[in-house]
Amino acid sequence: AQSVTQLDSQVPVFEEAPVELRCNYSSSVSVYLFWYVQYPNQGLQLLLKYLSGSTLVKGINGFEAEFNKSQTSFHLRKPSVHISDTAEYFCAVGSGGSNYKLTFGKGTLLTVNP
Amino acid sequence: DTGVSQNPRHKITKRGQNVTFRCDPISEHNRLYWYRQTLGQGPEFLTYFQNEAQLEKSRLLSDRFSAERPKGSFSTLEIQRTEQGDSAMYLCASSLISMETQYFGPGTRLLVL
C-alpha cells in the first residue's frame, strides 16, 4: 500500500520569498512521484514529476523538487514566489510497473501575501 | 490538444435522484481515470479504464456508482439514489498507456441537497 503525507496544510509566505512544501511518501515498491497544482474551482495541473534518473527535477513556473530515497521525501521548492502562485498543491505517488492510479496527499494551501 | 473536458461543471440535485457525468479524454489516450475529491482532501481513486475495459474499481465505489466507457472514447459516471455524502468534486483524468502522466479535467462539482 502507498501513502503520502504532506506535512503542512497551510503555508503563508510573502511575495518574492522562497518556499518549500514538504511531502513524504511510503511505498513497498519503486515509485513515481508527482506534484500537481489546483487553482480555485479548477482541475489539477501537473507541475513536475520524478520517474527515474536525476533526483533534482525542474518543473513549470520555476518550481523544482528533489527526490530523496533514503528519507522517502519529495519536497517542492521555489526560490521566489509570486502572488499568482497562491493555490493548493498536491503531492502524489504512483507505483512502478503499473502506474494506473495515483495516491494523493491532503494538499498544502500556499498563500502568497503582498 | 484540447485537454480533458467534463460536463456538467456543476450539478445540484436532491437526495435520491440519479445523476450522470461525462468525461471526454484527450484524443488517443488509452487510459481514463475517475477520482473523487471532497473538501479539504486530495483526490481519491475511484476507477480506471484501459480502452473500453474497466480494469479496477476502488472499494470507495459503492453499488450505486457505475462507470462506462463505450468504444474506448468518452466515459460516463452515474450515481444512483444520491446521498448527501456523495457531494464532492468528481475529477476525470486520461493518459497514454506508455506515459505515466495523468492529465486532469476541470471536474464536476456535485451538491446533493
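Refer to the preceding data block for the structure.
Residues numbered from 1 in each chain as written. Chains lettered and ligands numbered in written order. Predicted model: local features only at pLDDT ≥ 70, side-chain atom pairs only at ≥ 80, totals over all residues. Heavy atoms only, no water.

Is there a simple way to think about the sheet that holds strand 1 (residues 5–7) of chain B in this case?
Two pairing modes exist for strands in a sheet, parallel and antiparallel, and in both the strands are linked by backbone hydrogen bonds. Residues and elements named next belong to chain B. Strand order in the open sheet formed by four strands is 1-3-8-7, with antiparallel pairing between adjacent strands. Each edge of the open sheet is held by one strand with a lone partner, namely strand 1 and strand 7 (65–68). Pairs of neighbouring strands in the sheet enclose a mean axial angle of 15°, with direction left out of account. Bridge analysis of strand 3 (residues 19–24) against strand 8 (residues 75–79) gives five bridges, and the strand direction is antiparallel. Note that in strand 8 the partner of Arg-22 across the bridge is Thr-76. (Pairing = 2+ DSSP bridges. Helix = DSSP H or I, 4+ residues; strand = E, 2+ residues; numbered from the N terminus. Axes fitted to C-alpha atoms, helices over the stretch in contact; angles between N-to-C directions.)

In this structure, what is going on with the state of the cysteines? I would like to understand it.
By definition, a disulfide links two cysteine residues through a covalent bond between their sulfur atoms. Taken as a whole and assessed by the stated rule, the structure comprises two disulfides over all chains. Here Cys23(A) pairs with Cys91(A) through a disulfide, and the sulfurs are 2.0 Å apart. An S-S torsion of about -65° defines the bridge between Cys23(A) and Cys91(A) as left-handed. Here Cys23(A), found in strand 4 (residues 23–26), pairs with Cys91(A), found in strand 10 (residues 87–95); they are 68 residues apart in sequence, far enough to count as distant. The same class applies to Cys23(A) as to Cys91(A), namely buried. Put simply, Cys23(B) and Cys92(B) are joined by a disulfide, and their sulfur atoms are 1.8 Å apart. On the S-S bond that ties Cys23(B) to Cys92(B), the torsion sits near -65°, and the link is left-handed. Taken together, the residues span a long stretch of sequence, with Cys23(B) in strand 3 and Cys92(B) in strand 9 (residues 88–95) at a distance of 69 residues. The two residues Cys23(B) and Cys92(B) agree in class, both being buried. (Disulfide = S-S within 2.5 Å. Buried < 20%, exposed > 50% of the residue type's maximum accessible area, 1.4 Å probe, protein only.)

What is the right way to look at the pattern of salt bridges in this model?
Where side chains of opposite charge bring their charged atoms close, a pairing between them can arise. Residue and element names in this part refer to chain B. What the rule picks out here adds up to nine salt bridges over all chains. Arg-64 is the salt-bridge partner of Asp-86, the closest N and O atoms lying 2.8 Å from each other. Remark: Arg-64 occurs in the loop between strand 6 (53–57) and strand 7 and Asp-86 occurs in the loop between strand 8 and strand 9; sequence separation between them is 22 residues. Residue Asp-86 is classed as buried on the basis of its relative accessible area, which comes to 3%. For Arg-64, a relative accessible area of 11% translates into the label buried. (Salt bridge = Lys/Arg side-chain N within 4 Å of Asp/Glu carboxyl O.)

How should I be thinking about the packing of aromatic side chains in this particular structure?
In this description, an aromatic ring pair is defined by two values, namely the gap between the centres and the angle between the planes. Applying the stated criterion across every chain, the model contains 15 aromatic pairs over all chains. Measuring from ring centre to ring centre gives 5.9 Å for Tyr36(A) and Phe104(A), while their planes differ by 50°; the resulting arrangement is tilted. Here Phe104(A) lies in strand 11 (residues 102–104) and Tyr36(A) lies in strand 5 (residues 31–38), a separation of 68 residues in the sequence. Relative to Tyr35(B), the ring of Phe104(A) has its centre 5.8 Å away and its plane inclined at 90°; by these criteria the two rings are edge-to-face. Of the two residues, Phe104(A) is situated in strand 11 and Tyr35(B) in strand 4 (residues 31–37); the pairing between them involves two chains. For the pair formed by Phe104(A) and Tyr35(B), the shared burial category is buried. (Phe/Tyr/Trp six-rings, centres within 6.5 Å; stacked < 30°, edge-to-face > 60°.)

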